[in-house]
Amino acid sequence: MSIKTVCRLWAVRVGGNQLPLVPLSNWPPDLQPRILLDNCFPVDIWIRTHSTERHAITTIQARTRETIASFVSRTAAYFHVNAAAFSMDKNTSFQSLISGKAEAVAALEDFKVRISNNVTAWSPTSTAAAKGRRLFRGHTFPAKVLQGSTMRGCPHCLRGDLKGQDNPAVSMAMRGHWLVPHVTLCLKHQHPMVTLWKESHLIERFDSAAHLALIAPNIIAGHFDEEIRDETDFDIWLDNRLEGHDEGNWLEQFPLHAACNFCLMLGTSLLRHEMSAPSSVQPEDYWGVYQMGFEVAKNGEKAIQDALMGLQTLPGGPHDGPKKIFPKMYERLAYDYVDDPDYSTFRNILRTHMCETWPLGVGDELLGEPVTERRLHSVRTAAQATGIDQRRLRKILIAKGVISETGLSYAWEIFDAQKAEEALRSATTLITAKAFAEGIGATRSQFDLLVSGGVLSPKLSSLDEVGTKAIWDPAEGVDFLESVFLGAAPLRSAQHGWEHIAKSAMRLKIGPEEIIRAIQSKRIVRIGNHADYDGYSALYVYHDEVCSILSPEPTMGQNIELFSKAVGIGQPRRMQRLISNGHTPATELENPKLKTRQRYVTREDADAFHKKFYTPRTMAQAYGRSWQAMMATLRADGISPFSPDGEDYGSLFERTLIDAKFK
């Protein structure tokens, strides 16, 4: 529908005077009606005279905690138009009003559509908020969180709006706190939040009057009603925070959205005390999960650390992975919120706990970062490294004073790896080929290929000479895995060109030893550690990079995009700019498919790049440290990325500066 002038009979009331029903074309020229829509209600419309005064013919009573979008939608419904058309008629847009933009509210004021302070106070606004964020009640939320496709509310509140009213579309209002997903209960009626409607289109979703008019009969009939429940401490605390009141607990130093999410994460992990699959809890039951997490987190870091330690007394060990021990919490902090500073303290708490209590080694990951050295061993991991039975090894370690009787399981009985190195070396026992293959996570056929390729070799010369099958040193298996996993990126799934090393070698019709030696010599740098597997079975490579380096067919080299991704430059245009400005070479060759000339990075070009530059990925692989720690050191020392001509090349550093700092 569009706004346009039509010839129609209108009964218009201006200043209390009723104008007669006349065709629009017969109206006197000093009155210029501003018609809203073809189907608008033929009374109580706007009239614009030659003066600058605007006349609003109705007043809609704002509800407590109502939003701007709801108020505008109800006002539009009074005039029998939708919110988008009503907003357009007032020289603004409904989308701007949904976003709470100050200029949009001012545009309504210009037409004497007044938005009360109570309404603006309980409406999310993009004014003064960062891109993609909304300010609500003094707290910052991601816009997508407050503008989700599901609209929720309290049916008791909506029924209350209808008392003494006969038009549901105009009477029922949506409240601002209903937009916050962590709000699960109406404290006034002790009724859970229920889904009222779902709509993917933003404008239609927030034009609430039309939706409420449709579901009003079901609201009145009680079809949306659910069993009431008592409020929890979390419910009360959250509502108080939205009201602007604090109780002084530890969580209140953090952004509200992040604090609530952490309560949900921690609560989900704590559900392991009650059930075997806590991540399967449905959203309608989150209220109890929030409360479990809040009850611990409000007391601070020590309480959280104690709770994390308690989770490690339940069935399962480090070898099952942190996602099983800390369901939802680990994955959210390691991946979903890894770059969000609002969660940095929560990440640090979990990181510190795992550093102090988990036997992590090279090939493992810690909150999305590859582990570059082993600090702690457990009896279980030490047994794998030495080939000694766990029970016997525990007795040896107790006898040597490395550990004491704690009653912990082999998997959680930890000790300092460096201090125990001599004791473990003296206790190392040679093992069979079968046990060695299992220890490094390889199938027997994969193990045999590594042996025939010269990657692995037995400690003793041969079975015939020594008369035993136990000729393999498990410590060498650990060294092998560390050599190929150093700096590997954690993979949640193998997508976008990632292949297991054995499959990549098979596709190129080469032995896996060629890929392994290229990894160890840093010629292949894009290595993945699959989260669902252990050891050699978790070793993935980016096949296109392997092809460009090792393909037996004549090759032009890597295209700019592939080389950029391989070295860790996420935006290939930066590499293009680096080449165009003469800072690193590339070779112009003919594309065999397109028959056009384009630039490629040959092996010689790649060597020249690596001799001059480091990226966070390549420096981490060169020095065996996490790139996050190295970048923090560089920032603290004021070492800036390479940018001699003022261009932005990303996190690219001159090799001489990095080597001078870390060697």
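Residues numbered from 1 in each chain as written. Predicted model: local features only at pLDDT ≥ 70, side-chain atom pairs only at ≥ 80, totals over all residues. Heavy atoms only, no water.

## Comments concerning the overall build of the protein chain
Helix and strand counts for the protein chain come out as 33 helices and 25 strands. Looking at the protein chain as a whole, 49% of its 663 residues are labelled buried. Counting only contacts in the protein chain whose residues sit at least 6 apart along the sequence, the fraction spanning at least 24 positions is 64%. (Helix = DSSP H or I, 4+ residues; strand = E, 2+ residues; numbered from the N terminus. Buried < 20%, exposed > 50% of the residue type's maximum accessible area, 1.4 Å probe, protein only. Contact = heavy atoms within 4.5 Å.)

## A word on helix H18 (residues 379-386)
The buried fraction of H18 amounts to six of the eight residues, a majority that puts the element mostly inside the structure. At its buried positions, H18 is contacted by strand S15 (376-378), helix H19 (390-399), strand S16 (414-416), helix H20 (421-427) and helix H24 (474-485). Note on H18: the residue one or two positions beyond its end, glycine 387, has a positive phi of about 80°.

## Topic: the side chain of arginine 241
Mapped onto the secondary structure, arginine 241 falls in helix H11 (residues 233-243). Of the polar contacts made by the side chain of arginine 241, one reaches the side chain of aspartate 246; its length is 3.1 Å. Beyond its immediate stretch of four places on either side in the chain, arginine 241 contacts His139, Asp246, Glu252 and Leu256. (Polar contact = N/O pair within 3.5 Å; in protein donor to acceptor, adjacent residues only side chain to side chain.)

## Topic: the sheet that holds strand S17 (residues 489-491)
Overall, mixed pairing links the four strands, which are arranged S17-S19-S20-S18 in an open sheet. Every other strand in the sheet has two partners, leaving S17 and strand S18 (498-500) as the edge strands with one partner each. Each strand axis lies, on average, 40° off the axis of its neighbour in the sheet, ignoring direction. Strand direction decides the pairing type here: S17 and strand S19 (residues 527-530), joined by three bridges, are parallel. Note on S19: the bridge partner recorded for proline 490 is asparagine 529. Strands S18 and strand S20 (539-542) of the sheet are contacted by helix H25 (residues 501-508), whose axis makes an angle of about 95° with S18. (Pairing = 2+ DSSP bridges. Axes fitted to C-alpha atoms, helices over the stretch in contact; angles between N-to-C directions.)

## Re the packing of aromatic side chains
Within the structure shown, the criterion is met by 25 aromatic pairs. Where tryptophan 237 meets phenylalanine 294, the ring centres are 5.1 Å apart and the plane angle is 35°; that geometry is what we call tilted. Here tryptophan 237, found in helix H11, pairs with phenylalanine 294, found in helix H13 (residues 286-297); they are 57 residues apart in sequence, far enough to count as distant. Centroid distance phenylalanine 613 to phenylalanine 642: 4.9 Å. Interplanar angle 65°. Geometry classified as edge-to-face. Here phenylalanine 613, found in strand S24 (residues 613-614), pairs with phenylalanine 642, found in the loop between helix H32 (627-636) and strand S25 (653-654); they are 29 residues apart in sequence, far enough to count as distant. As far as the burial class goes, phenylalanine 613 and phenylalanine 642 line up, both buried. Linked through ring pairs, Trp250, Phe254, Phe262, Tyr337, Tyr343 and Phe346 together constitute an aromatic cluster. Lysine 90 extends its terminal NZ or CZ atom over the ring of phenylalanine 111, reaching a point 6.0 Å from the ring centre. Arginine 526 extends its terminal NZ or CZ atom over the ring of tyrosine 542, reaching a point 3.9 Å from the ring centre. (Phe/Tyr/Trp six-rings, centres within 6.5 Å; stacked < 30°, edge-to-face > 60°. Lys NZ or Arg CZ within 6 Å of the ring centre and 35° of its normal.)

## Thoughts on a negative patch on the surface
The grouping of Asp230, Glu231, Asp233 and Glu247 at the surface amounts to a negative patch. Its place among the elements puts aspartate 233 in helix H11. A relative accessible area of 39% means that aspartate 233 is categorised as partly exposed. (Patch = residues over 30% accessible without salt bridge, like charges linked within 9 Å, V, L, I, M, F, W, Y side chains within 5 Å. Areas by Shrake-Rupley, 256 points an atom, 1.4 Å probe, with all protein chains shown as cover. Salt bridge = Lys/Arg side-chain N within 4 Å of Asp/Glu carboxyl O. Lys, Arg positive; Asp, Glu negative; His and termini not counted. Charge placed at Lys NZ, Arg CZ, Asp CG, Glu CD.)

## Digging into unusual backbone geometry
Despite not being glycine, asparagine 91 shows a phi value in the positive range, around 60°. Along the chain, the position of asparagine 91 falls in the loop between helix H2 (83-89) and helix H3 (94-98).

## As for the packing of helix H31 (residues 616-623) against H32
Relative orientation of the contacting elements H31 and H32 amounts to 105°, with a least axis distance of 9 Å. Between H31 and H32, the angle is such that the two are roughly perpendicular. Contact with H31, carried on its side by Pro616, Met619, Ala620 and Tyr623, involves Trp627, Met630, Met631 and Leu634 of H32 and no other residues of that element. (Parallel < 35°, antiparallel > 145°, perpendicular 65-115°, else oblique.)

## Quick notes on the environment of leucine 589
Tracing the sequence through the fold places leucine 589 in strand S22 (residues 587-590). The partly exposed category is assigned to leucine 589, whose relative accessible area is 25%. In this structure the C-alpha to C-alpha distance between leucine 589 and tyrosine 600, which are eleven residues apart in sequence, comes to 6.8 Å.

## Overview of the pattern of salt bridges
Following the criterion strictly, the structure yields 27 salt bridges and no others. Of the charged contacts in the structure, one is a salt bridge between glutamate 499 and lysine 503, with a shortest N-O distance of 3.8 Å. Since its relative accessible area comes to 13%, glutamate 499 is described here as buried. Accessibility expressed as a relative area gives 47% for lysine 503, which makes it partly exposed. With a shortest N-O distance of 3.2 Å, glutamate 561 and lysine 565 are connected by a salt bridge. In this pair, glutamate 561 and lysine 565 both sit in helix H28 (residues 560-567), four residues apart, roughly one turn of the helix.

Such coordinate-based values are descriptive only and should not be taken to indicate function.
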